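Structure at a glance
Residue-level listing of the chains:
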Amino acid sequence: MNEEQALRRRIGAVKFACWELHLFLDTHPNNCDAARKLEEYKRELSALTKEFEDKFGPIGETSANTSRWAWISDPWPWEKEAN
Amino acid sequence: MADEKTGQSCGLYNDLTPLPEDPVPAMAYVPYQQWQKDLHTAERALDAGTLFPVLDKPFLGGRREPR
């Protein structure tokens, strides 16, 4: 598990936590603890995403930190050195 | 500010108890989920499929505790 995969997994986990809290807030709209926890995870998510994009390039097509055309320099999925 | 114990701030949905005050006989009720302080860590939540331990019900297959 190299650093990129570890970071991707962490980002996925934090994003999942955000979705969970978001769903909880749908049914418990005035719960301050949930809202506070969601804000906390959202901050962590943006920090992790920024760190990921600094190191490995765009994480998604909507990445704000890297140039829009950074995809071209990455290897295509079928090219062997991709994984 | 928020009532720390149940985490509900003053406002709209204050009476979110697990069951309504006047549960009608012969009606099925699903207890309403309450906020809890101890959540799973993000990684554990990803594996368990939920952030809330109270909803985390792994199949035990007759055993007492998870594998």
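All of the points below concern the structure found in this document. (Residues numbered from 1 in each chain as written. Chains lettered and ligands numbered in written order. Predicted model: local features only at pLDDT ≥ 70, side-chain atom pairs only at ≥ 80, totals over all residues. Heavy atoms only, no water.)

1. A few points about the overall build of chain B
Defined as follows: Numbering goes from the N terminus for both helices and strands, where a helix is a DSSP run of H or I of at least four residues and a strand is a run of E of at least two. Three labels apply to residues, based on accessible area from a 1.4 Å probe with only protein chains included: buried if under 20% of the type maximum, exposed if over 50%, partly exposed otherwise in between. Residue contacts are defined here by distance: any two heavy atoms, one from each residue, within 4.5 Å place the two residues in contact. Every accessible area reported is derived by Shrake-Rupley at a probe size of 1.4 Å, with residue values counting cover from the shown protein chains alone.
Check the secondary structure of chain B and you find 1 helix and 0 strands. Of all 67 residues assigned to chain B, the portion counted as buried reaches 22%. A separation of at least 24 residues holds for 5% of the contacts in chain B among residues at least 6 apart in sequence. Accessible surface computed for chain B: about 5200 Å², of which carbon and sulfur atoms make up 61%.

2. Observations regarding the overall build of chain A
Let me state the cut-off plainly: We compute the radius of gyration over the C-alpha atoms and compare it with the globule rule, which gives 2.2 Å times the number of residues raised to the power 0.38. Charge assignment in this entry is limited to Lys and Arg as positive and Asp and Glu as negative, and neither His nor the chain termini are counted. Lysine's charge is taken at NZ, arginine's at CZ, aspartate's at CG and glutamate's at CD.
Scanning chain A from N- to C-terminus turns up 2 helices and 0 strands. The C-alpha radius of gyration computed for chain A amounts to 16 Å, which surpasses the reference 12 Å derived for 83 residues by more than 25%, pointing to a less compact arrangement than a globule. Expressed along its principal axes, the backbone C-alpha trace of chain A runs to roughly 50 × 25 × 20 Å. The burial tally for chain A puts 36% of its 83 residues in the buried class. Residue pairs in contact within chain A that sit at least 24 positions apart in sequence constitute 42% of those at least 6 positions apart. Split by element, the accessible area of chain A, about 5600 Å² in all, is 58% carbon and sulfur. For chain A, the distance from the average position of its 12 positive side-chain charges to the average position of its 15 negative side-chain charges is 2 Å.

3. Side note on the nonpolar core
Note the threshold: We define a nonpolar core as any set of buried Ala, Val, Leu, Ile, Met, Phe, Trp, Tyr and Cys residues linked to one another through side-chain atoms lying within 4.5 Å.
Ranked by internal contacts, the top residues of the largest apolar core, which has 22 residues, are A:Leu21, A:Tyr41, B:Trp35, B:Leu51 and B:Phe52. Of all the secondary structure elements, the ones that give two or more residues to this core are helix 1 (3–27) and helix 2 (32–56) of chain A together with helix 1 (42–48) of chain B. No other element matches helix 1 of chain A, which puts 10 residues into this core.

4. Observations concerning the pattern of salt bridges
Residue and element names in this part refer to chain A. Applied cut-off: Take a side-chain nitrogen of Lys or Arg and a carboxyl oxygen of Asp or Glu: if they are within 4 Å of each other, that pair is a salt bridge.
Inspection of every chain in the model, using the stated rule, returns 11 salt bridges over all chains. Measuring nitrogen to oxygen at the nearest pair gives 3.7 Å for the salt bridge that ties Lys-37 to Glu-40. Taken together, the positions of Lys-37 and Glu-40, both in helix 2 and 3 residues apart, correspond to about one turn of that helix. Taken together, the shared-partner salt bridges in this structure form one network comprising Glu-3, Glu-51 and Lys-55.

5. Considering the packing of aromatic side chains
Definition in use: A pair of Phe, Tyr and Trp rings is counted when the ring centres sit within 6.5 Å of each other, with Trp represented by its six-membered ring. The angle between the planes then sorts it: under 30 degrees is stacked, over 60 is edge-to-face, the rest tilted.
In total, this model carries 5 aromatic pairs over all chains according to the counting rule given. Where A:Trp76 meets A:Trp78, the ring centres are 5.6 Å apart and the plane angle is 5°; that geometry is what we call stacked. On the basis of relative accessibility, which here comes to 68%, the residue A:Trp78 falls in the exposed class. An aromatic cluster is built from A:Phe24, B:Trp35 and B:Phe52, whose rings are joined through pairwise contacts.

6. Quick word on unusual backbone geometry
Leave glycine aside and you will find that most residues have negative phi; peptide bonds, for their part, are mostly trans. Its identity is not glycine, yet B:Ala26 carries a phi of approximately 65°, on the positive side. By the element assignment, B:Ala26 lies in the segment before helix 1.

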